[in-house]
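Below are the chains, spelled out letter by letter.
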Amino acid sequence: MVLAGGKFTGEASPVQPALPTSLSLRDALLTLAVMVVWGTNFVVIHIGVEHFPPLLFAALRFTFALLPAVFFLKRPDAPWSKLAAYGVLIGAGQFGLLFFAIKGFIAPGLASLVVQSQPFFTILLAAAVTRERVQPFQIAGLLLAAIGIGVILWHTDGSTTPLGIVLVLGAALCWAAGNIVARSTPKVDMLAYVVWTSLFAIPPLLALSWTIEGWPAMRDGLVHAPAAAWAAAIWQAVGNVMFGYAVWGWLLSRYAAATVAPTSLLVPVFGMGAAAIWLGEPLPGWKFLAAGLVLSGLCVNSLWPRFAAIRAARHPPSS
């Protein structure tokens, strides 16, 4: 019994070819567009959590992603367990923790940087679940990024706290786990997949909001939120869920995790830049140092395989 396209079959299957390790021009441009949306989105999140309780804001995000699209998109050919797992991991896990952190525990620009630990979690989880081998250059990249996170921890202040960093690291881990789930069903329509999995993100987020934030705060947010806050919630669905995660999951189903995941190094470039421009978030030298270390680690993971392939082509082993 082998798993093919998200379904078990009884046929013997030949060894599956390795996933591509180089993005095509079209897919590279799609990836860039996702990074722009996700990077500038940290400013949008800040606007939303200023007026809504953060867990309620996350629930609204997935409600707008689910409705009305669920009535027009056929349920993807994936087990309910996969849909539920992805919905809970990305909804309550990634965005519940991220939104909660940005509500006073971490500056939005720094959050966009810390969450980039996700590619390393993805690589490690892929090694554990699908037995992908972790290469020495990936370990080197992880160490560089870890030093960068350490620099941020050393400089925590009123706008960024250790708790905020831990919450965002937890969000990155949930994002990585969601990546692994998405890759296990590579043949599905990813837009339908993202929409239908939102069904499983909403209940835990509402339950957590009721328990942690309380009904009075939920009611006041819904009644008194200005148009800008509602626009931020709608943008979460249209820009980030229906476009961003549909494209991201589609790319992960067609390329090796170590190829796609490191492209998120562009998120903090747009995230920190947008936060500085629109929110006046300061950019002292230590932030550039931390960003440089984290991005260097991501670059090592992204560029080293290509460098090694070019070197091998130029210097083939002698027979």
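Since the model is a prediction, treat every value here as computed from it, not as a measurement.

1. Description of the overall build of the chain
Part 1 of the reasoning: Each helix and strand in the chain was counted, giving 13 helices and two strands.
Part 2 of the reasoning: Expressed as a percentage of its 319 residues, the buried residues of the chain come to 49%.
Part 3 of the reasoning: Put simply, 88% of the contacts in the chain that link residues at least 6 apart link residues at least 24 apart.

2. Thoughts on the packing of helix α3 (residues 80-102) against helix α8 (residues 190-213)
For any two helices packed against each other, the geometry is given by the interaxial angle and the distance between the axes.
Part 1 of the reasoning: Interaxial distance between α3 and α8 falls to 7 Å at its minimum, and their mutual angle equals 50°. The orientation of α3 with respect to α8, classified from their angle, is oblique. Viewed along their axes, α3 and α8 form a crossing whose handedness is right-handed. Along its contact with α3, which presents Trp80, Lys82, Leu83, Ala84, Tyr86, Gly87, Val88, Gly91, Ala92, Gly96 and Phe100, the element α8 presents Tyr193, Trp196, Thr197, Phe200, Ala201, Pro204, Leu205 and Ile212.

3. Quick word on the pattern of salt bridges
Part 1 of the reasoning: Scanning the model with the defined rule gives three salt bridges in all.
Part 2 of the reasoning: Among the salt bridges present, the one from Asp220 reaches Arg219, with a minimum N-O distance of 3.5 Å.
Part 3 of the reasoning: According to the relative accessible area criterion, Asp220 is partly exposed, its value standing at 36%.
Part 4 of the reasoning: In this structure, Glu281 engages Lys287 in a salt bridge whose closest nitrogen and oxygen atoms are separated by 3.3 Å.
Part 5 of the reasoning: Under the relative-accessibility criterion, Glu281 is labelled buried at 10%.

4. Quick notes on a nonpolar patch on the surface
Part 1 of the reasoning: On the surface, a nonpolar cluster with roughly 370 Å² of combined accessible area is contributed by Leu25, Leu29, Leu32 and Val36.
Part 2 of the reasoning: Mapped onto the elements of the fold, Val36 is located in helix α1 (residues 25-51).

5. Some details on unusual backbone geometry
Part 1 of the reasoning: Looking along the chain, the bond that leaves Leu67 and enters Pro68 is cis, with omega of 5°.
Part 2 of the reasoning: Summarising the element assignment, Pro68 is placed in the loop between α2 (54-66) and α3.

6. Observations concerning the side chain of Arg61
Part 1 of the reasoning: Of note, Arg61 is situated in helix α2.
Part 2 of the reasoning: For the buried Arg61, no salt bridge exists, and the shortest N-O distance to an oppositely charged side chain is 14 Å, to Glu213.
Part 3 of the reasoning: With residues near it in sequence (within four places) discarded, Arg61 still touches Phe95, Phe99, Ala233, Gln236, Ala237, Asn240, Val241 and Tyr245.

7. Things to note about helix α12 (residues 267-279)
Part 1 of the reasoning: The terminal C-alpha atoms of α12 lie 17 Å apart, and with 13 residues this matches the ideal 18 Å at 1.5 Å per residue to within 8%.
Part 2 of the reasoning: Among the residues of α12, those classed as buried are Val267, Pro268, Gly271, Met272, Ala274 and Ala275. Buried positions in α12, seen along its axis, are confined to an arc of 165° and lie on one side of it.

8. Thoughts on α1
Part 1 of the reasoning: For α1, which comprises 27 residues, the first-to-last C-alpha distance of 40 Å matches the rise-based estimate of 39 Å (1.5 Å per residue) to within 8%.
Part 2 of the reasoning: Of all the bends found along α1, the most pronounced is centred on Phe42 and spans about 35°.

9. Points about the nonpolar core
Part 1 of the reasoning: The biggest cluster of nonpolar side chains holds 84 residues, and the ones touching the most others in it are Trp38, Leu98, Ile106 and Ile152.
Part 2 of the reasoning: Sorting elements by how many residues they give to this core places helix α10 (residues 227-252) first, with 11 residues.
Part 3 of the reasoning: Ignoring any residue separated from it by four or fewer positions in sequence, one finds Trp38 in contact with Trp175, Asn240, Gly244, Tyr245, Trp248 and Val267.

10. Some details on the confidence of the model for the chain
Part 1 of the reasoning: On average, the chain scores 83 in pLDDT, and the residues at 70 or more come to 86%.
Part 2 of the reasoning: Across residues 1-16, where pLDDT falls below 50, the model places 18 contacts with residues more than four positions away in sequence or in other chains.

11. Points about the environment of Pro282
Part 1 of the reasoning: With respect to the helices, strands and loops of the structure, Pro282 is situated in the loop between α12 and α13 (285-314).
Part 2 of the reasoning: A sequence separation of 173 residues divides Pro282 from Gly109, and the C-alpha atoms of the two residues are 9.3 Å apart.

Criteria and cut-off values
- Residues numbered from 1 in each chain as written.
- Predicted model: local features only at pLDDT ≥ 70, side-chain atom pairs only at ≥ 80, totals over all residues.
- Heavy atoms only, no water.
- Helix = DSSP H or I, 4+ residues; strand = E, 2+ residues; numbered from the N terminus.
- Buried < 20%, exposed > 50% of the residue type's maximum accessible area, 1.4 Å probe, protein only.
- Contact = heavy atoms within 4.5 Å.
- Axes fitted to C-alpha atoms, helices over the stretch in contact; angles between N-to-C directions.
- Parallel < 35°, antiparallel > 145°, perpendicular 65-115°, else oblique.
- Left-handed = near helix turned anticlockwise from the far one by under 90°.
- Salt bridge = Lys/Arg side-chain N within 4 Å of Asp/Glu carboxyl O.
- Patch = residues over 30% accessible without salt bridge, like charges linked within 9 Å, V, L, I, M, F, W, Y side chains within 5 Å.
- Areas by Shrake-Rupley, 256 points an atom, 1.4 Å probe, with all protein chains shown as cover.
- Lys, Arg positive; Asp, Glu negative; His and termini not counted.
- Expected span 1.5 Å × (residues − 1).
- Arc of directions from axis to C-beta.
- Bend = angle between axes of the 7 residues up to and from the residue.
- Core = buried A, V, L, I, M, F, W, Y, C linked by side-chain atoms within 4.5 Å.
- pLDDT = per-residue confidence, 0-100.

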